[in-house]
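A closer look at the structure
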4 protein chains.
Amino acid sequence: MKKKPWSGRFKEKTNERFEEFSESISYDKRLAFYDIHAGLAHVEMLAQKRIILRKDAKKIIHGLKKIEKEVVEGRFQFKPELEDVHMNIESRLFELLGEVAGKLHTGRSRNDLVLTDVRLWLKDSAAAIVSLTKSLIRRVAEKAENNLAVIMPGFTHTREAQPILFSHWLLAYAEMFIRDCQRFVEVLNHTNISPLGSGALAGSNYPLNREFLARKLGFAGITQNSLDAVSDRDFIIDFLSASSILMMHMSRLSEELVWFSAEGYGFFELPESLCTGSSIMPNKKNPDAAELVRGKTGRVYGHLMSMLTVMKAAPLAYNRDFQEDKEALFDAADTVKNCLEIAELLIAGMEPVPEKMREGCGRGFILATDLADYLVKKGLGFRQAHHAVGTLVRHCEGLGKSFEDLKLNEFKKISALFEKDVYKLLSLEQSVRAKDTAGGTAPAQVQKQINRIRALLKQMSTKSFLGRR
Amino acid sequence: MKKKPWSGRFKEKTNERFEEFSESISYDKRLAFYDIHAGLAHVEMLAQKRIILRKDAKKIIHGLKKIEKEVVEGRFQFKPELEDVHMNIESRLFELLGEVAGKLHTGRSRNDLVLTDVRLWLKDSAAAIVSLTKSLIRRVAEKAENNLAVIMPGFTHTREAQPILFSHWLLAYAEMFIRDCQRFVEVLNHTNISPLGSGALAGSNYPLNREFLARKLGFAGITQNSLDAVSDRDFIIDFLSASSILMMHMSRLSEELVWFSAEGYGFFELPESLCTGSSIMPNKKNPDAAELVRGKTGRVYGHLMSMLTVMKAAPLAYNRDFQEDKEALFDAADTVKNCLEIAELLIAGMEPVPEKMREGCGRGFILATDLADYLVKKGLGFRQAHHAVGTLVRHCEGLGKSFEDLKLNEFKKISALFEKDVYKLLSLEQSVRAKDTAGGTAPAQVQKQINRIRALLKQMSTKSFLGRR
Amino acid sequence: MKKKPWSGRFKEKTNERFEEFSESISYDKRLAFYDIHAGLAHVEMLAQKRIILRKDAKKIIHGLKKIEKEVVEGRFQFKPELEDVHMNIESRLFELLGEVAGKLHTGRSRNDLVLTDVRLWLKDSAAAIVSLTKSLIRRVAEKAENNLAVIMPGFTHTREAQPILFSHWLLAYAEMFIRDCQRFVEVLNHTNISPLGSGALAGSNYPLNREFLARKLGFAGITQNSLDAVSDRDFIIDFLSASSILMMHMSRLSEELVWFSAEGYGFFELPESLCTGSSIMPNKKNPDAAELVRGKTGRVYGHLMSMLTVMKAAPLAYNRDFQEDKEALFDAADTVKNCLEIAELLIAGMEPVPEKMREGCGRGFILATDLADYLVKKGLGFRQAHHAVGTLVRHCEGLGKSFEDLKLNEFKKISALFEKDVYKLLSLEQSVRAKDTAGGTAPAQVQKQINRIRALLKQMSTKSFLGRR
Amino acid sequence: MKKKPWSGRFKEKTNERFEEFSESISYDKRLAFYDIHAGLAHVEMLAQKRIILRKDAKKIIHGLKKIEKEVVEGRFQFKPELEDVHMNIESRLFELLGEVAGKLHTGRSRNDLVLTDVRLWLKDSAAAIVSLTKSLIRRVAEKAENNLAVIMPGFTHTREAQPILFSHWLLAYAEMFIRDCQRFVEVLNHTNISPLGSGALAGSNYPLNREFLARKLGFAGITQNSLDAVSDRDFIIDFLSASSILMMHMSRLSEELVWFSAEGYGFFELPESLCTGSSIMPNKKNPDAAELVRGKTGRVYGHLMSMLTVMKAAPLAYNRDFQEDKEALFDAADTVKNCLEIAELLIAGMEPVPEKMREGCGRGFILATDLADYLVKKGLGFRQAHHAVGTLVRHCEGLGKSFEDLKLNEFKKISALFEKDVYKLLSLEQSVRAKDTAGGTAPAQVQKQINRIRALLKQMSTKSFLGRR
């Protein structure tokens, strides 16, 4: 059956250059496992609804299981001239069973079939991503818990702003990754709907049991409009959008790992096993792992833009343009998974260098806000207090002094409200401890967050993601 | 108080060209109303926690309400030299109250404040979008119900494929818009979290009651990490992504409205009130409303790409780059709202032209699949049946005949399974009625969908969107 | 030499997962041929400048030529554990020659080398694209010349607007492709500059002769700043931008091929050899080739966005993020080449259906502008003439008449300026012939354009593109 | 003449909501000046070709000049209900002249007119951008020349790699901006072609002199196909692409200004006049100008993606979707201009801090490559030399020593080739001076580059950009 499934109507042979151009088997073979399972469910339903004979169904099921084994064991021979994964499997079925194989495609179309396959594939991939993200979060929380005493400068505008716990910095990324998890769970829910039984575009002439198909394949429900069902790629864009945001978070983490492990800061030490040297400069230890992750952000953004472009102004229902969905999707999923694994290695392997961080906190006037709040607590309005401390900063800068170097009368020249107790404020530990509001950097708050994240991770079991199954 | 809030520390004056370049008041004035409300909640909390005196709080509340009135009545004078909306309001408060105004900013930062404002604004905007989308869905369902007898050709690959109900075509878009609603509800939930009280980056030295602030402002919860809270723009990207997908749907609807109302098809008549003529060609009636909606898809995709770029590799926490978030967000929200309104006008005003649609169904061999299924039901395998009917199509094409023109023996020459009852199949009504599976185009199924959508719309009350408040 | 080229400085082994993540040999092996040639030129220069001994150079040249043969004949064994193409070739050289191979890398770095390779590769690829585009233009011109008598409706807003020559429509695409050629020639010129000899970032300690290297490798000149040279990816973005615009043109052509070959219009017949059928609907003949080309537009846009993202905010000089440049570039080049070939097949194989086009011209009031201009020539202002003919259109529409059906007195009721000679205007041939301004659709003008394009193609010989070599 | 120019044919009134939605006057009024000039040229040509009477032409010219004055002096009243700039000007002409105004639009269409306006506008804008870029380059060269003795660490992978001249670093950006200039000149050449006289889509019934129009308006030539001419937006995408690349360069410069002026490095001091403080932290001095420029990169990338999306799959010829071109174009041009001005202020105001840079050079083993090259010059193969110095680095790291701290016998233990003269190498000045190849960082080379850039700037006079006119 190497001739096209539609050859009846055609007089001319397909152009070879076009055949090569339009093949998808080189990448959609990834779907083979799911295509077979969709077939198994379909045949069982056809028999159940007496659309085909039970004995024919049995033969087809037997054949499909044989093919599944070939696929799983890597023995299946995919042939480019058979266009796509569906035709490859159907063709093999003909080889194994003869004409009865022709009954498999009763009441279904490649239009609904391919989406069933892709949705099944994506459910597994998204679940794997959730699982890797959780593992990364766990690692972040662990690192945070193990370093609760380490204080580093917190930044705004890439300027040292206020002291924070290193663990607090780490947990900011945990928050991002938690949102990523939630986003992928939403994508999973969007994906977890069965289009099977929608036919080519209009539904089917056979009394298909679509709910049965959905249940059998582990879907939470069925699509409600056949035209929409076969032309909908929203869930793929949802996935690419969630992936883009996750990669954006990765790029931020990478950026900070790169810069803060560089000579200017030295806050983190990256493991040599994730760095490379230079082919020319013997001194170099480069943070390639972090750089590559950051670079791969572009790749995923590109895939998102690609699919948005493909779908723009596409008329209903299926168009061949949509074949472009798969390579973007597959590559984005691979990239995200790889980056999650590398990020976990980076988090696990990075080491904070507390003395370098403390050095960073000694630059500038990182406790200035604490001084302003001190004045406010003594009764000054905040704006006035801010202005007073600003003037103090300028005064110190002029003299090359730090706050600790000032005599009390120098403080008092700026504001009479300063008392001897001001010196107690001038400690990083005190400053951090004072940020004791929810979500603040005080050790007690940070420990609370670690506990919350631990609890959350337990609660977000992968099973629960697909709870609607 | 025209001097900068940070002037204490600075010796030089801000460059005027830079001041102009960096101002945001020309667009963030949209946030004034929300900024005032965030201020009101904050002051109340400060008093409650005895961080400021109750009598000072009263004065500030009085002042803020006065300013609110000025804003609502359009009397408030925004001044570009005051940079942004926060400074404009604070400055006016100083004018009204004098030094006590300086207490408002106690324990908060523009970094957490601006996000509070934007989140409040976006909650309202997203809710408005949900409401407009529901209104559009309602209109689609109404149109579908009023035209249940109209049959049109359904397309794949822009080729007439199988007959479907015009209502079925309409409802495909209803499904897309329902997904859009769900997506915006998810965005709303992502947005509905209060960052207020996160300070500049590290939390606050004051015993702020963040839960009180959240409750007061109608948020469902609070952010959990101060660093993340002030540098997170995920919810904005979520919104832009949901908007891009919605616009993609709009572009598909527009594309079909444009082409199927054109001379080649004439399936739909668009209302003159949404068309324009030409400045040079007196004959033209152009579908500008649909074209413009389609064109605006690019604009929203662009905003999505813009924010993804801004956030790429941005270190923690706040960076001034983030100021770019607002114009993209505001313009996307405006665009989506406008397009939803125009789409509703288009749906309401378009009229199906049944005879033109029927003409479309008469071209090609639109009932070929029904013939193949007929043979299958008589016992042939589907692949064999498909091939037989394909041959029949080629036979007819050669003679310039349609299926109806064939004699029974011509049918029989292709397959002996054809019987006299084959002619009963050759009716559009019969074909449509036969697609009686869930989500199929049979009138009974379509009516079921209309009912389901009606029920869904009731269930998705806007209140419920913000149920977690 | 399986150990890393930088192993001297490192204590830890590279993590295997990271090694796999960071390898580029799976795709940069495409550069092997160019890498060897860059090596040959480099060694020759080193010997010439007496940086290495002539006899060592000879050995290395001999080794490289042997490797070149292995590469060309497909016998070369690329090893993933050797990271990239440069290390694979260097390692093989060690196998063949022993320690003397270590002299090849004297005075160069992978940072300048990889860019040399990529620029050489891109010059060939861009030249190939120019050549394919020219071939496509030639085909378009040929088709136009062979169908000069065919008249079709011209469109604005997807509405039949004025009659035009089918050849005129074709030549609109020729114009786009001519601009594409020019754009790729500009990209070629941007690419045609040698970075070799820039070292890792700062230049070289050896007295390299960079002009010699450039000349030897066929570059038109050398880069002027070593830091910029190794971190510049502009020419890749230039290429992706030119490719995106070309694909945009392709998408427009595809869109028109799809719709105007559809049942509603039937203006073009597409060859069966570039169409496919349906796995379920025996009647379908789908324009897949055109659809796929249109779909691949997204892919190329995505690559452009990807590289813009990678380069955003990248500090000087080389960063590992830049490794992401190659897959995007290679895939874009392949896609563009494939689409150009398919487009040429489509143009060659499509056939205009003149009677269907004439039918299209009979719908609406496609000669209305000619009537307005008629009145202007009789002395009316254009705006008044436009309004008069608009009224005439409305009058005809009300009565279901066309212009030809009107009696002279019906014309005169609208404007007394109408005379008997108005009927002479009511011919498509006359209308087309009258558009006799430069670039207009009159047959004489169209023939002139065909001649111009033919001349241009001759003048744009590929050699001239690289004239600056 | 408040009624639509096409009202003759229409029965219904335009929907008000749609009117508001579709107006463009709020932004295309920027084109008024160019629209009037296009009108002046057109009228003169009409008279010259005797298409209208000379006396009518005179009246219209008089009217247009009056309107020009109103526009230039800001007195012109743009009315939203008149849709766009063309109708606003035509309507005003009717007010001033009465019916004779109706002759202005003879032989032209808004389709060719709007492109003429936009091309004229863009020519001026692109020329202004070239001029601002040149001014920025001049400033960079000046700064470089004034600081030729300053040595800083050069980076790869954000790691201190080799010493370079600060001026060399600056000139890397000069190279980028020179390429930007060349790119905008190419855009100018693409833009500098007149579409006027293409009519709505098919050319004109009048004997228009298109070359005259082009010459009169300062265009270098005319478009060659009327269909293409009115639907081509390539030159806008070219502009957006060139703008995106320029902004990418800006983002790289900004990134380096932000980080290297931060506390960790302190290589540059940014002027207070381009920084801001914090509303809460009195210590902050934030590099907002650089951050904002970096952030605006996203905006321009977004506009590029927007226009690529708009044009994707747009059929010929004009579609209303294309109206979206203007806001993206205008905003991109404004953004680029503003960022160029701010970048010039930043370059002018930044001050290198040589001692901090020297400190940066003392970290790590920044002269390691020089040591490897030393061994090569003594006869070792480069790979072997690289490995030897790598081992030396590891040795030093273990002992906390720098190269200078090593005794000669410690050197010799690694390689017997080390001699006493190795100590001469261990100077930054020596290292920099040794990179004396073309484009290298040696002071002599850098001075050469400054001279070359100066010469280039003179040669690239703005006049020459439009030389092909």
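See the structure above.
Presented here is an overview of the structure given in this document.

Remarks on the interface of chain B and chain A
- Counting from both sides, the interface comprises 115 residues of chain B and, opposite them, 115 residues of chain A.
- Approximately 9400 Å² of surface area, both sides summed, lies buried where chain B meets chain A, with 53% of it carried by carbon and sulfur atoms.
- The three residues of chain B that bury the most area against chain A are Asn205, Arg252 and Arg383 of chain B, which together make up 9% of that side's buried surface.
- There are twelve salt bridges connecting chain B and chain A.
- When the shortest N-O distance is used, the salt bridge between Asp234 of chain B and Arg183 of chain A registers 3.4 Å.
- Where chain B packs against chain A, one counts 65 residue pairs in polar contact (both at pLDDT 80 or more).
- Considering every element that reaches the side of chain B that touches chain A, the biggest residue donor is helix α10 (residues 234-260) of chain B, with twelve residues.
- When its residues are assigned to classes, the side of chain B that touches chain A shows 42 nonpolar, 42 polar and 31 charged.

Some details on the relation of the copies chain D and chain C
- Least-squares fitting of chain D to chain C yields an RMSD of 0.0 Å, with the transformation described by 0.0 Å of translation along the axis and a rotation of 180 degrees. Both chain copies can therefore be described as sitting about a two-fold axis. Considering only C-alpha atoms, the residue of chain D closest to the rotation axis is Ser241 of chain D, which sits at 3.4 Å.
- Counting the interface residues of chain D, we find that 100% of their copies in chain C are interface residues as well, pointing to one common contact surface.

Thoughts on the nonpolar core
- Trp169 of chain A, Trp169 of chain B, Trp169 of chain C together with Trp169 of chain D are the most contacted members of the largest nonpolar core, which totals 666 residues.
- Not counting chain neighbours up to four residues away, the residues in contact with Trp169 of chain B comprise Leu227 and Leu316 of chain A together with Met152, Ile164, Leu253, Glu256, Leu257, Phe268 and Met350 of chain B.

Brief notes about the packing of helix α4 (residues 54-72) of chain D against helix α5 (residues 85-97) of chain D
Residue and element names in this part refer to chain D.
- Contact geometry of α4 with α5 gives a least axis separation of 10 Å together with a crossing angle of 120 degrees. With respect to each other, α4 and α5 are oriented oblique. Crossing of α4 against α5: the hand is right-handed. Residues Lys59, Ile60, Gly63, Leu64, Lys66, Ile67 and Glu70 of α4 lie in contact with α5, whose contacting residues are Ile89, Arg92, Leu93, Leu96 and Leu97.
- The residue inventory of the contact of α4 with α5, partitioned by class, reads seven nonpolar, one polar and four charged.

Quick look at the interface of chain D and chain C
- Contacts between the two partners involve 115 residues from chain D, matched on the other side by 115 residues from chain C.
- A per-residue breakdown of the area chain D buries against chain C is headed by Asn205, Arg252 and Arg383 of chain D, which together make up 9% of the total.
- On inspection of chain D and its partner chain C, the count reaches twelve salt bridges.
- Salt-bridge contacts for Glu90 of chain C lead to Arg383 of chain D; the nearest nitrogen and oxygen are separated by 2.3 Å.
- Summed over the shared surface of chain D and chain C, the number is 64 residue pairs in polar contact (both at pLDDT 80 or more).
- Examining the composition of the side of chain D that touches chain C, we find that twelve residues originate from one element, helix α10 (residues 234-260) of chain D, more than from any other.
- Split by residue class, the side of chain D that touches chain C holds 42 nonpolar, 42 polar and 31 charged.

Definitions and cut-offs
- Residues numbered from 1 in each chain as written.
- Chains lettered and ligands numbered in written order.
- Predicted model: local features only at pLDDT ≥ 70, side-chain atom pairs only at ≥ 80, totals over all residues.
- Heavy atoms only, no water.
- Contact = heavy atoms within 4.5 Å.
- Buried area = accessible area lost by both parts, 1.4 Å probe.
- Salt bridge = Lys/Arg side-chain N within 4 Å of Asp/Glu carboxyl O.
- Polar contact = N/O pair within 3.5 Å; in protein donor to acceptor, adjacent residues only side chain to side chain.
- Helix = DSSP H or I, 4+ residues; strand = E, 2+ residues; numbered from the N terminus.
- Nonpolar A, V, L, I, M, F, W, Y, C, P; charged D, E, K, R; others polar.
- Least-squares fit on C-alpha atoms with pLDDT ≥ 70 in both.
- Core = buried A, V, L, I, M, F, W, Y, C linked by side-chain atoms within 4.5 Å.
- Buried < 20%, exposed > 50% of the residue type's maximum accessible area, 1.4 Å probe, protein only.
- Axes fitted to C-alpha atoms, helices over the stretch in contact; angles between N-to-C directions.
- Parallel < 35°, antiparallel > 145°, perpendicular 65-115°, else oblique.
- Left-handed = near helix turned anticlockwise from the far one by under 90°.

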